[in-house]
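# A structural walkthrough
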Amino acid sequence: MIRMLLRLLGPAYAPPLRRTVALMTAAAVAEGLSYALLVPVLRALLGGTPADARPWLIAFGAAVAGYAALRYGSDLAGFRVGTALLRGVYHRFGDHLARLPLGWFTARRVGEVSVLASEGVLQAMGAVAHLLGPLISAGVTPLTIVVVLLAFDPLMGLAALAAVPVVALVQVWTGRSTAAGDAERAERGDEATARVVEYLQAQPVLRAGGRTAERFGALDDALSGLHRAARRSALSSLPGVLGLTFTVQAVFTALLALGAYLALGGDAGAAEVLAILVLAARCADPLLSLAHLGGSARATRHMLARLDAVLRTEPLPEPAEPVHPAGHGLEFDSVTFRQGGRTVIDGLSLSVPEGRRLAVVGPSGAGKSTLLQLIARFHDVDGGAVRVGGADVRAIGAEALMARIAIVFQDVYLFDGTIEENVRLGRPGATEAEVRAAATAARLDEVVARLPGGWAANVGEGGALLSGGERQRVSIARALLKDAPIVLLDEVTSALDPINEAAVHEGIDRLMAGRTVVMVAHRLKTVRRADHIVFLDGGRVVEAGSHDDLLRRHGRYAEFWNLSLTPSGPE
Amino acid sequence: MSPAASSGAGTATATEAAASTGVASADVASTGLGSPGVAGLLRPHAGSFAAVVALQVIGGIAGLAPLLAVAELGRTLLAPGPADHAHAWAVVLAGAAGLLVRLLFTAASSGIGHLLDARVQLSLRRLLAERLGRVPLGWFSRRGTGELAKVVGQDVSAVHPLIAHFPGELTSAFVVPLVSLIYLFTVDWRLTLITMIPVALAVALVPLMMTPRRQREEKELDAGMGRISSAAVEFVQGIAVVKAFGGGERAHRAFRTAAEDFAGTMSRWVRGLSSIAAGMQLALSPPFVLLVVLAGGAALITDGSMAAPDLLPFLLLGLGLTAPVAALGHGFDDLQAARRALGRIRDVLAVRPLPEPARPAEPRGHRVELRGVHFGYEADGGAGHKADGEAGGEAGHGADHEAGQAPGREVLRGIDLVLEPGTITAVVGPSGSGKSTLVRLLPRFFDPTRGSVLLGGVDLRELRSADLHRKVSFVFQDVRLLRASVADNIALAVPHAAPGDIRRVAALVNLHDRILELPHGYDTVIGEDVKLSGGEAQRIAIARALLADTPVLVLDEATAFADPRTEQAVRRALAARAEDRTVLVIAHRLETVADADTVVMLEGGAVVEHGSPAELLARNGRFAAFWRSHHSATTEEAGAGDGVRRGDELR
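Every chain is numbered independently, its residues counted from 1 as its sequence is written. For this description, chains carry letters from A and ligands carry numbers from 1, given in the order in which they are written. With the structure being a predicted model, the display of local features is reserved for residues of pLDDT at least 70 and the display and counting of side-chain atom pairs for 80 or more, all residues being used for whole-chain, interface and lining totals. To obtain the side-chain values, all non-hydrogen atoms of the structure were included, while hydrogens and water were left out.

### Notes on the overall build of chain B
Each helix and strand in chain B was counted, giving 28 helices and 10 strands. Throughout this description, buried means an accessible area under 20% of the type-specific maximum (1.4 Å probe, protein chains only), exposed means over 50%, and partly exposed covers the range between. Per-residue burial for chain B yields a buried fraction of 62% across its 651 residues. Contact criterion: two residues are considered in contact whenever any of their non-hydrogen atoms come within 4.5 Å of each other. The long-range fraction of contacts in chain B, counting pairs at least 24 apart against all pairs at least 6 apart in sequence, stands at 79%. Accessible surface, chain B: about 22700 Å² in total, of which carbon and sulfur atoms supply 58%. What counts as a helix is a DSSP run of H or I of at least four residues, what counts as a strand is a run of E of at least two, and both are numbered from the N terminus. Each accessible area is a Shrake-Rupley result for a 1.4 Å probe, and residues are judged covered by the shown protein chains and nothing else.

### Quick look at the packing of helix α6 (residues 154–201) of chain A against helix α8 (residues 217–265) of chain A
Residues and elements named next belong to chain A. Running from N to C, α6 and α8 cross one another at 170 degrees; their axes reach a closest spacing of 8 Å. One element, α6, and the other, α8, form an angle in the roughly antiparallel class. Think of it as three bins: nonpolar holds Ala, Val, Leu, Ile, Met, Phe, Trp, Tyr, Cys and Pro, charged holds Asp, Glu, Lys and Arg, and polar takes everything else, Gly as well. Tallied by class, the residues present in the contact of α6 with α8 amount to 26 nonpolar, 14 polar and seven charged. The axes are straight lines fitted to the C-alpha atoms, using for helices just the contacting stretch, and the angles between their N-to-C directions are given from 0 to 180°. Angle categories are assigned with fixed cut-offs, so that under 35 degrees is roughly parallel, over 145 is roughly antiparallel, 65 to 115 is roughly perpendicular, and the rest are oblique.

### As for the confidence of the model for chain B
All names here are of chain B. Looking at chain B as a whole, its pLDDT mean stands at 76, while 78% of the residues score no less than 70. Here residues 1–36 scores under 50 on pLDDT; set against residues more than four positions off or in separate chains, the count is 103 contacts. pLDDT gives the predictor's per-residue confidence on a scale running from 0 to 100. A low-confidence stretch, residues 379–408 stays under pLDDT 50, and its non-local contacts, those more than four residues away or across chains, total 109 contacts. Across the whole predicted complex the pTM is 0.66, and at the interface the ipTM reaches 0.71.

### Regarding the nonpolar core
Membership of the largest hydrophobic core comes to 178 residues, with the highest contact counts inside it found for F93 of chain A together with L442 of chain B. When residues of this core are assigned to their parent elements, the largest contribution, 14 residues, is made by helix α14 (residues 253–284) of chain B. Of the residues that make up this core, three or more belong to each of domain 1 (2–311) and domain 2 (330–564) of chain A. With sequence-adjacent residues up to four places away left out, L442 of chain B is seen in contact with V368, L370, L419, V453, L460, L468, V472, V552, V554 and L584 of chain B. Take the buried residues of types Ala, Val, Leu, Ile, Met, Phe, Trp, Tyr and Cys, join any two whose side-chain atoms come within 4.5 Å, and each joined set is a nonpolar core. Note: domain ranges come from an automatic or database domain assignment.

### Re the pattern of salt bridges
Side chains that carry opposite charge are capable of pairing whenever their charged atoms lie near each other. Criterion for a salt bridge: a side-chain nitrogen of Lys or Arg within 4 Å of a carboxyl oxygen of Asp or Glu. Scanning the entire structure with this criterion turns up 45 salt bridges over all chains. The closest approach of N and O atoms between E198 of chain A and R195 of chain A, which form a salt bridge, is 2.8 Å. Taken together, the residues E198 of chain A and R195 of chain A, both in helix α6 and three residues apart, mark about one turn of the helix. A single burial state applies to E198 of chain A and to R195 of chain A, both of which are buried. Salt-bridge contacts for D380 of chain A lead to R377 of chain A; the nearest nitrogen and oxygen are separated by 2.7 Å. Each of the two residues, D380 of chain A as well as R377 of chain A, counts as buried. One continuous salt-bridge network, built from bridges that share partners, spans E191, R195 and E198 of chain A together with R483 of chain B.

### Observations concerning the confidence of the model for chain A
If pLDDT is low for a region, its predicted coordinates should not be looked at in detail. Residue-level pLDDT values for chain A average 82, and 92% of them are 70 or greater. Counting contacts from residues 566–571 of chain A, a segment whose pLDDT is below 50, to residues more than four positions away or on other chains yields seven contacts.

### A closer look at helix α24 (residues 534–548) of chain B
Expected span, for any helix, means 1.5 Å times one less than how many residues it has. Here α24 of chain B spans 21 Å end to end across 15 residues, near enough to the 21 Å set by a 1.5 Å rise per residue. Among the 15 residues in α24 of chain B, 13 count as buried, and that is most of the element.

### Points about unusual backbone geometry
One non-glycine residue, D483 of chain A, lies in positive phi territory at about 55 degrees. Relative to the assigned elements, D483 of chain A resides in the loop between α16 (468–482) and β7 (486–490). The phi angle at D549 of chain B is positive, at roughly 50 degrees, despite the residue not being glycine. Relative to the elements of secondary structure, D549 of chain B occurs in the loop between α24 and β7 (552–556). Overall, the relative accessible area of 48% leaves D549 of chain B in the partly exposed class.

### Quick word on the environment of A223 of chain B
In this structure, A223 of chain B sits in helix α11 (residues 212–237). Placed 76 residues apart in sequence, A223 of chain B and E147 of chain B show a C-alpha to C-alpha distance of 9.5 Å.

### Things to note about the sheet that holds strand β5 (residues 391–392) of chain A
What links the strands of a sheet is backbone hydrogen bonding, and the strands pair in either a parallel or an antiparallel sense. Residue and element names in this part refer to chain A. Strands sit in the order β2-β1-β4-β5 across an open sheet of four strands; the sheet is antiparallel. Only two strands of the sheet have a single neighbouring strand rather than two, namely β2 (342–352) and β5. For strand β4 (residues 383–388) and β5, the ladder comprises two bridges, and the chain directions are antiparallel. What sits directly across from R387, in β5, is D392. DSSP bridges decide pairing: two strands pair if at least two such bridges lie between them.

### Some points on the sheet that holds strand β2 (residues 410–419) of chain B
Residues and elements named next belong to chain B. Strand order across the open sheet formed by four strands is β2-β1-β4-β5, with antiparallel pairing between neighbours. Among the strands making up the open sheet, the edge pair consists of β2 and β5 (458–459). Pairing of strand β1 (residues 368–376) with β2 involves seven bridges; the strand directions are antiparallel. Pairing of L370 across the sheet is with L417, part of β2.

### Points about the packing of aromatic side chains
A ring pair, where both rings are aromatic, is described by two values, the distance of the centres and the angle of the planes. Pairing of aromatic side chains requires ring centres within 6.5 Å, counting the rings of Phe and Tyr and the six-membered ring of Trp. Pairs whose planes differ by under 30 degrees are stacked, by over 60 edge-to-face, and all others tilted. Counted according to the given criterion, the structure contains one aromatic pair over all chains. Measuring from centroid to centroid gives 6.5 Å for Y90 of chain A and F262 of chain B, while their planes differ by 90 degrees, and the two rings are edge-to-face. Note that Y90 of chain A is positioned in helix α4 (residues 53–99) and F262 of chain B in helix α14, a pairing that runs across two chains. Summarising the burial analysis for this pair, Y90 of chain A and F262 of chain B share the class buried.

### Some details on the pairing of strand β10 (residues 540–545) of chain A
Residue and element names in this part refer to chain A. One ladder, built from five bridges, connects strand β9 (residues 532–537) with β10; its direction is antiparallel. Pairing of I533 across the sheet is with G545, part of β10. What sits between β9 and β10 in their antiparallel hairpin is a turn of two residues, with G538 showing a positive phi close to 60 degrees.

### Brief notes about the side chain of D310 of chain B
Inspection of the secondary structure puts D310 of chain B in the loop between α15 (286–302) and α16 (311–350). Contacts of D310 of chain B, omitting those with residues within four sequence positions, involve R75 and V187 of chain B.

### Some points on the pairing of strand β8 (residues 582–586) of chain B
Residue and element names in this part refer to chain B. The element β8 is largely enclosed, with a buried count of five among its five residues. Residue alternation in β8 divides its side chains into two sets, T582, L584 and I586 and V583 and V585, and both sets are buried. When β7 meets β8, the two strands line up parallel, connected through five bridges. When the sheet's bridge partners are listed, L553 is paired in β8 with V583.

### Regarding the environment of R523 of chain A
All names here are of chain A. Of note, R523 is situated in the loop between β8 (516–520) and α18 (524–527). Assessed through its relative accessible area of 6%, R523 is described here as buried. With 38 residues separating them in the primary sequence, R523 and W561 have C-alpha atoms 9.1 Å apart.

### A word on helix α1 (residues 2–9) of chain A
Within the span of α1 of chain A, buried status applies to M4, L5, L6, L8 and L9 of chain A. Following α1 of chain A by one or two positions, G10 of chain A has its phi on the positive side, about 80 degrees.

### Some points on the side chain of T76 of chain B
In this structure, T76 of chain B sits in helix α5 (residues 64–78). Those residues in contact with T76 of chain B that lie beyond four places of it in its chain are A83, D84, H87 and A88 of chain B.

### So, a nonpolar patch on the surface
Residues and elements named next belong to chain A. Patch definition: residues above 30% relative accessible area lacking any salt bridge, with like charges linked at up to 9 Å and the nonpolar side chains Val, Leu, Ile, Met, Phe, Trp and Tyr linked at up to 5 Å. Residues L143, L158, L161 and V164 make up a contiguous nonpolar surface patch of about 310 Å² in total accessible area. When residues of the nonpolar patch are assigned to their parent elements, the largest contribution, three residues, is made by α6. Checked against the element boundaries, V164 lands in helix α6. Among the residues examined, V164 registers a relative accessible area of 31% and is labelled partly exposed.

See the structure below:
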């Protein structure tokens, strides 16, 4: 667990954690050793010479003071490191998530990330702050006491020593037997969380479909699954707890009997035997608490492992020596990209010279959006290369690449915050005037003027408080503000009525001026702005040319447009 | 794990338990289990709870036996004269028996407790899900999804100690030390008092930890945790934006800020508590307790006022006075967290669901009538900012801003409208005119604040929701697909649909061939095996409505713009109207408007014009102006296309 904590913390926090662990161990040893002084104290008090106890008692007092200093120090250190860890892990977690390939973020991840970010990180912190200390003490103090026992009464010491391997074995065995159950429970928990999120977000649809909780089987199955896993995991930990308790109690009973036998037989002094039994009781208590602590430790370790797994997921590799692209032309060179076993882009080659505009047209699922994502390197290709300014996007470096690209997405996602914050994402350092100018160009100023709160109006989670058109204008303003040489547009006008569309198009015209543009287009108006059109199907370019060329060809493109313009009903 | 539980002060609150457990237990009973929902859930398990408590207490008391055995053995061995062997062995046996009883009883108690806990958690989650499925949709607007998911997930888990540990462990943590205390008093009252010194010291520190400031910080921590959850959900869902605007340091600021705030509060809280907590830990630590007992005992023995063997029970049981309290420390801390979690669960359970009629009425036919309908979003945003915005209607939120300035503003102002069966009614109007709000009244996303919506002569509020959903289906812009098979997604409203029917509607929306190409055809799980494009998702939504085949269909046509195929699918859905289907559509295409039997022109939440398209054009009023502006916005396309654009001509 410590090793995993060290890895989670990263090198910066490792030395304080090591120091804390050392302090905790020292405190536990000091506690065990201080008990050694109980033997002479009790020998004197019980043996009828209470006056002799005084110096030993003073010594014990001194030992306790030493222990107290160590313990106090280690407690404080634990709190401190725990809090530092909280911050550190959050930073690493956030930064790492931002670097993971987009392909990693499946629907299920929402639940996992949300659990890890709240419960997970807290548990890691709690582990340092108040699990590590007791755990170390529950293991180290009894061991120290056993050593002390060996020194005073080898026979009883040996009897106590016999418990050590058994306790260790039981702990290991418990860990193994519960690991599967715990893992399953965690998995079910994630599944249930993801289902709950889905259930909440899909409420309008579910209600309209008459699916109340009891009729939405997926959620109930997930909850029942979690229940069954929880039962199994509770039951599977029971034998371990019983085994540990039984072992410790059996050894204590054995010591009691052995002590009685030795004392009654006169082989050992009564006072000494009693003192040793007091020590044995001190030994038993922390060991018994191991059962409880062990459970928490396992749960924590499991959580740490999951955090670790996320943090160890490979981000897209960064080039050691980034190449500087020459210009802003784009090129796909026999690019193949597979996702979930399906070939999304299949040996595709095309190029967009600097300052030109390419429109990508095709049926749903043809790979249009993926094409844009590959330029922005949301994923790495499986074959071929995507080049920007002649340089492979993998060789440019994420920061440098992103600095050149402005994207307007199909589904505009805004962050919960004000409109201004969302626009500023485009260029955080922009001046007030620049932000206003971008907003005006995107005709966002009308929206802002209409909103109660204006620039400070909150957009809600995912931008839910704005309408589709308003969200899109925010996203265009954001892209305008970024002022990048390459612009990627994805079905920008999908959710707009014609009047709004005119506003958005005006913004887009400004956005495209003098830039290299790749746009996924569904509307004629968009397509006609392009210098060149490719018709994509099944991840391949089926047709390419200008709008008029393509229409004259009477091929797929022409069919596509006719389909879209012909009413289906009989005239 | 709650912030409180995982903070350093966790252990410290041990003493809080000592100080205030009596209060706490009463408190938990009243605030926590007192709510009807939760208490009702627990009532059937009362027997199990009693068993857990009884077994735990018996086990705990039996656990004293071995310690008493050591003390008794001491008395026997140290007694003057030859030791009584028989008595000594009897004592050893009694101790061993006590340990065995403890082992069995506490294990049984813990086993029953945990199983009980799993059962209770399941019923709590089911209850929450059931309630959340019935609260007004507007209620969701004030809460992030992550925050609510946390209530159903983590908060229910956080109740665990309250169920599995609290009853048994808390009871035995009181009963067992009490038994020890009584016994120790009978041995020597003076040393008993001395033994209590560490506990008293620790208790003295408690007020320092319960300052209003700390409690405020604890509340902040909980709130901060909720924000982190929401931010994480947002972060993952908005990851594409994060990546596009790069600079990991900047784009996910919301998450960072939430985490940073939380860490900041946490450090303040921990800083405030850690030295007190560590001090308390020291006061309760076994070496310190032993030192106090030994010092006191040595004094009493030296001045001859106490027999030496009487020291033993104090050394053994005296620690027990603090040990259960310390053991409870974790527990008590979790318990505080559990109480807060339970509070949040109760808040959710306390939300009033959309009322179901006591005596549901049966609609006759499916003529839809709106009578003097007013609707306004509540001042606190409760009624449905979000549901509205979520649905993404261009008009939806605009309505919100435009229609009213003050809170409680009206989005719909006295709408009277009749939708006859067998007709298509097209709603048109500028952004913010209330179109989206209007159509959302039909599937009862909201209830009108004044006036009524009638279906077949019956107020929607007098219809059972199940009946309503059999009559009304809708396709709005914001399509949520479930992580389920394609077939299940299409058959959402018709769970037992025949596979043939599902295929038929999929073909109608041009999806059949695409679905067959998926890895498992109709059994392909969306979101797992495959991610569908926006247009495909929208076509699935249309297929849903086609399959549901309800007599009333509500449609937002903006959906159509995803791609030509989707557009075509929408037109088919409109064209495939059964003889007497009632259709209400927010029209964006001129063709649709031209095809409609009735056009309703909405402005500022009121109907400004109403009639057949030809009539309205002839009237040369608002609609005609609107028509012309649309017309010019689309002529460029219509003229440029090789295909024929007919919508701009009225037939």
